[in-house]
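Overview (structure and organization)
For reference, the chains in residue letters:
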Amino acid sequence: MIGSSHHLLGLDTTSSEDITRILDTAEGMKEISTRKIKKVPTLRGKTVVNLFFEPSTRTRTSFEIAAKRLSADAVNFTASASSTSKGETLLDTARNLDSMAPDVVVMRHKYSGAPEILARNLQCSVVNAGDGAHQHPTQGLLDLYTVREKKGHLDGLKVAIVGDITHSRVARSDVCGFAAMGSEVFVSGPPTMIPIGIERLGARVAGSLEEALDGADAIIMLRIQLERRSGPLIPTLREYARFFGLNRERLSLAKPDALVMHPGPINRGVEISSDIADGPDSVILDQVENGVAVRMAVLYLLAGGSDEVSD
Amino acid sequence: MKYLIKGGRVIDPASGKDGILDILIEDGLIAGMGKGIKKPGGAEVYDASGLVVMPGFIDMHCHLREPGFEYKETIATGCAAAVKGGITSLMCMANTSPVNDNASVTSYIIERACEAGLAKVYPVGCVTKGMKGKSLSEMGELADAGCIAVSDDGRPVPSGEIMRRAIEYAATFGLLVIDHAEELTIAAGGVMHEGYVSTMLGLDGIPAAAACSEVARNIALVREFGGRIHIAHVSTAMVVDLVRQAKADGLQVTAETCPHFFTLDHEAVVGYNTNAKVKPPLSSAEDVQGVIEGLADGTIDVIATDHAPHHADEKNVEFDLAAFGISGLETAFALTMGLVNSGRLSLLQAVSKWTDVPAAIAGIPGGCLKKGEAADILVADLEAQWTVDPETFLSMGKNSPFAGVKVQGQVAATFVDGRLVYTREKGIVGD
């Protein structure tokens, strides 16, 4: 259980206490990945289904590794291999899946709210691995984990999120998560990429990129995906890189020890220059590493629970 | 059959009547109204004491789905739902399959409605052939076959020139042009009102400007070329302002709104509630206030349901994939009374928006209580409180965002052409 829920659908509905509990649990999980034998029997006999309706390598692999390090049986169910291409509804897919009695379903879907449909109709736990432009809670949690690990705390920090906020589920989870933990969250990007009412989620809209970066403790750069929804919002990647990309000069506005983060995969030379992505301030690979630990924590809390640790 | 509706409070906006009166019905017509009418031989008495007697409601905007989508609704089930909702006449939109752009479809609808023998059905034909927006439908033929208005409802008429010609041409046949206002390039495939709720849910928004810009275009056409237009389902304060100005300038522009637009805002979508997915979308709280003000000051002439029944399978899906529309016939009366109970409209005002005003705009009979007129009558219990349960709907469409909501005001009985067709105790009453 996470709080009173046996699902993790978004950080908009997760309390700061529950976030802290997940992050604390993840600390213990991270150690497991440093052992010679990277496996504990905690979730032996549990089944985790990765139900991915959208292509994803990194998130799916991260969840799969997380499940396996806890000894759960991880099954991958991808849209191309599933019956959804034959016109089965999500509800029918969910019911079929439920009949196979999984313990956790990890779901990625192109439409916002799809995991809620699953959660309403399945007996098992549902973890949202990204739905449309809505939420991507484990990405938000691993970002929180990474900053907390490096800075020792989250409250009072200034966090800048830069990019296409309108179409970003990562941005929404980060805004909700960091705001819940007492950070001061600024979002920035061209006005076409700032959705109306984002303040209600806990963010402040920076008047300029410089304002967002000024004195920031952490900078989260979002991937610009012209081939997807961001197309009509900016003229060219070239112009975006010039006016909104993170370069050495802009980075100098932030605190000297500011963390540079990115959910990946990065577009080198677009939202972030290569020297920064590969530079000493970048914690991009730490994020990936912490992703496994955070997902282990989430699977553990939902499928195992503390009383079963000693099994 | 003769009926004597006895002891009810009679409300008739057309004449301004409001008092305890008896109504005598003979041969389908209102044969007399007055105090203490004696029961003639062979007449049945309907005791309306404690109840309110008003003209049967006229719904200018509903979707009966037949022909083509009988799995959503049929003319028979839609008409049953209508009379349960106190609606004795309705106008059904043309987006059936095939669409109603020719006399044979119009005739089919009228025939099926006669067989059902409940509410009176007035078909609305297409503005454009095949509802494709490219060329005018044969409006003369549609009028001859029984259409009283034209609309491509469900879709806008994207071409400004076609809309201009439609307004000009429809006037020849006395057809009302009903405007589904939505500028598609602004709406850009959105699925709900664009605002903080769409941002929170990560759903694509439909800006309020989408409806507004199309209404502005169509009002400009009427301003320059004359004719008249009726704006369907007004849902935003911006459109209310446009209509208010057009009326002040003396243009023949009329407007309707729907119960969901003065009752719910976009918060109803939270939780990805597909039963609150409707076009135009439920808008902001300020828009709800704007719509109510428009109703109160007369800018919005009419309340109509935009009854849009869908099969459960079309709503039990991802929000993006769900059909737009609300099943509204059986909640419209109580939701309208909500405006009366909250003091926003007087009872006479509220009833007028469902009766004499739509009759005048659409040019159809009914909408008043007068000796010699057809006895289309709604008897209502304004005190009755009930909880909306879509499973009890007579409509096949159970898609209501009001499920579980407590409301006040209930249709007690409905008469069509002097026949008692519905009572709340017995449901639909057969001949």
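Calculation rules
Residues numbered from 1 in each chain as written. Chains lettered and ligands numbered in written order. Predicted model: local features only at pLDDT ≥ 70, side-chain atom pairs only at ≥ 80, totals over all residues. Heavy atoms only, no water. Pairing = 2+ DSSP bridges. Helix = DSSP H or I, 4+ residues; strand = E, 2+ residues; numbered from the N terminus. Disulfide = S-S within 2.5 Å. Axes fitted to C-alpha atoms, helices over the stretch in contact; angles between N-to-C directions. Parallel < 35°, antiparallel > 145°, perpendicular 65-115°, else oblique. Left-handed = near helix turned anticlockwise from the far one by under 90°. Contact = heavy atoms within 4.5 Å. Nonpolar A, V, L, I, M, F, W, Y, C, P; charged D, E, K, R; others polar. Salt bridge = Lys/Arg side-chain N within 4 Å of Asp/Glu carboxyl O. Buried < 20%, exposed > 50% of the residue type's maximum accessible area, 1.4 Å probe, protein only. pLDDT = per-residue confidence, 0-100. Buried area = accessible area lost by both parts, 1.4 Å probe. Polar contact = N/O pair within 3.5 Å; in protein donor to acceptor, adjacent residues only side chain to side chain. Core = buried A, V, L, I, M, F, W, Y, C linked by side-chain atoms within 4.5 Å. Lys, Arg positive; Asp, Glu negative; His and termini not counted.

**Here's the deal with the pairing of strand S2 (residues 17–26) of chain B**
Residue and element names in this part refer to chain B.
- One ladder, built from 8 bridges, connects strand S1 (residues 2–12) with S2; its direction is antiparallel. Its bridge partner being in S2, Arg-9 is matched across the sheet by Ile-20.
- Between S1 and S2, which pair antiparallel in sequence order, lie 4 residues; one of them, Gly-16, sits at a positive phi of approximately 80°.
- Here 5 bridges tie S2 to strand S3 (residues 29–34), and the two strands are oriented antiparallel to one another. Note that in S3 the partner of Ile-23 across the bridge is Met-33.
- The antiparallel pairing of S2 with S3 creates a hairpin that spans 2 residues between the two strands, and Asp-27 there sits at a positive phi of about 50°.

**Some details on the state of the cysteines**
- Per the counting criterion, the structure on display carries 0 disulfides over all chains.
- Here Cys-126 of chain B is not cross-linked by a disulfide; its sulfur's nearest cysteine counterpart is in Cys-147 of chain B, at 8.5 Å.

**Let's talk about the packing of helix H3 (residues 90–99) of chain A against helix H4 (residues 114–121) of chain A**
Residues and elements named next belong to chain A.
- One way to put it is that H3 packs onto H4 with a least axis distance of 10 Å and a crossing angle of 45°. Taken as axis vectors, H3 and H4 run oblique relative to one another. For the pair H3 and H4, the crossing hand works out as right-handed. Across from Leu-90, Leu-91, Ala-94, Arg-95 and Asp-98 in H3, the residues of H4 making contact are Ala-114, Ile-117, Leu-118 and Asn-121.
- Split into classes, the residues belonging to the contact of H3 with H4 amount to 6 nonpolar, 1 polar and 2 charged.

**Describing the pattern of salt bridges**
- Inspection of the entire model under this criterion finds 36 salt bridges over all chains.
- Measuring nitrogen to oxygen at the nearest pair gives 2.9 Å for the salt bridge that ties Asp-286 of chain A to Lys-150 of chain A. One end of the pair, Asp-286 of chain A, is in helix H11 (residues 284–304); the other, Lys-150 of chain A, is in helix H5 (residues 137–151), with 136 residues separating them in the sequence.
- Arg-165 of chain B is the partner of Glu-168 of chain B in a salt bridge, and the nearest nitrogen-oxygen pair spans 3.1 Å. In this pair, Glu-168 of chain B and Arg-165 of chain B are both assigned in helix H4 (residues 160–172), 3 residues apart and thus about one turn of the helix distant.
- Residue classification places Glu-168 of chain B among the partly exposed positions, given a relative accessible area of 30%.
- By relative accessible area, which is 31% here, Arg-165 of chain B ends up partly exposed.
- A single salt-bridge network, built from bridges that share partners, covers Glu-161, Arg-164, Arg-165 and Glu-168 of chain B.

**Focus on the confidence of the model for chain B**
- Predicted confidence across chain B gives a mean pLDDT of 97, with 100% of residues reaching 70 or more.
- Model confidence for the complex: the whole-complex pTM is 0.95, and ipTM, which rates the interface, is 0.94.

**Concerning the interface of chain A and chain B**
- The partner chain B presents 16 residues to the 21 residues of chain A that form the contact.
- For the chain A and chain B pair, buried surface summed over both sides reaches about 1500 Å², with 58% attributable to carbon and sulfur atoms.
- Contact with chain B buries area across many residues of chain A, yet Tyr-111, Ser-112 and Ile-196 of chain A alone supply 32% of it, more than any other trio.
- At the surface where chain A touches chain B, the tally comes to 0 salt bridges.
- One can count 6 residue pairs in polar contact (both at pLDDT 80 or more) joining chain A with chain B.
- Broken down by secondary-structure element, the contributors of at least two residues to the side of chain A that touches chain B are H3 and H4 of chain A.

**Some thoughts on the packing of H5 of chain A against H11 of chain A**
All names here are of chain A.
- Contact geometry of H5 with H11 gives a least axis separation of 8 Å together with a crossing angle of 115°. The handedness of the crossing between H5 and H11 comes out as right-handed. On the side of H5, the interface is formed by Thr-138, Gln-139, Leu-141, Leu-142, Asp-143, Tyr-145, Thr-146, Glu-149 and Lys-150, while H11 contributes Asp-286, Gln-287, Asn-290, Gly-291, Val-294, Arg-295 and Val-298.
- Taken together, the residues that form the contact of H5 with H11 break down as 5 nonpolar, 6 polar and 5 charged.

**Re the confidence of the model for chain A**
- Across chain A, the average pLDDT comes to 93, with 95% of residues at 70 or higher.
- A low-confidence stretch, residues 306–311 of chain A (pLDDT under 50), is modelled with 4 contacts involving residues beyond four sequence positions or located in other chains.

**A look at the nonpolar core**
- The biggest cluster of nonpolar side chains holds 74 residues, and the ones touching the most others in it are Met-54, Leu-90, Ile-231, Val-253 and Phe-333 of chain B.
- Ignoring any residue separated from it by four or fewer positions in sequence, one finds Met-54 of chain B in contact with Ile-11, Phe-333, Val-351, Leu-369, Asp-376, Ile-377, Leu-378 and Ala-380 of chain B.
- Grouped together as the second largest cluster of nonpolar side chains are 62 residues, Leu-23, Ala-67, Val-127 and Leu-299 of chain A included.

**Here's the deal with unusual backbone geometry**
- Pro-265 of chain A follows Gly-264 of chain A through a cis peptide bond whose omega is -10°.
- Take Pro-265 of chain A: it is sitting in the loop between strand S9 (259–261) and helix H10 (274–277).
- Omega for the peptide link from Glu-66 of chain B to Pro-67 of chain B comes to 5°, which places this bond in the cis form.
- Even without a glycine there, the phi angle at Ala-188 of chain B is positive, about 50°.
- Looking at Ala-188 of chain B, the relative accessible area reads 56%, which means it is exposed.
- Positive phi outside glycine occurs at Asp-306 of chain B, with the angle close to 50°.
- Tracing the chain through its elements places Asp-306 of chain B in the loop between strand S15 (302–303) and helix H11 (332–341).

**Some details on the sheet that holds strand S8 (residues 218–221) of chain A**
Residues and elements named next belong to chain A.
- In space, the 5 strands of this open sheet follow the order S7-S6-S5-S8-S9, with parallel pairing throughout. Single-partner strands in this sheet number two, and they are strand S7 (203–205) and S9. If you compare each strand with its neighbour and ignore which way they point, the axes differ by 25° on average.
- Note: strand S6 (residues 184–188) against S7, 3 bridges, orientation parallel. Each bridged residue has a counterpart across the sheet, and for Val-185 the counterpart in S7 is Ala-203.

**Remarks on the side chain of Lys-277 of chain B**
All names here are of chain B.
- Tracing the sequence through the fold places Lys-277 in the loop between helix H9 (259–263) and helix H10 (285–296).
- No salt bridge is formed by the buried Lys-277. Its closest oppositely charged neighbour is Asp-320, at 6.3 Å.
- Polar contacts involving the side chain of Lys-277 include one to the main-chain carbonyl oxygen of Asp-320, which spans 3.2 Å.
- Lys-277 has contacts with Val-191, Lys-315, Phe-319, Asp-320, Leu-321, Ala-322, Ala-323, Phe-324 and Gly-325, leaving out every residue within four places of it along the chain.

**Some words on the sheet that holds strand S10 (residues 176–179) of chain B**
All names here are of chain B.
- Taken in spatial order, the 8 strands make up an open sheet running S6-S7-S8-S9-S10-S13-S14-S15, and their pairing is parallel. On the outer flanks of this sheet lie strand S6 (57–62) and S15, each paired with one strand and no other.
- Inspection of the sheet shows S10 paired to strand S13 (residues 228–231) by 2 bridges, in the parallel sense. From the neighbouring strand, Ile-178 faces S13, where its bridge partner is His-230.

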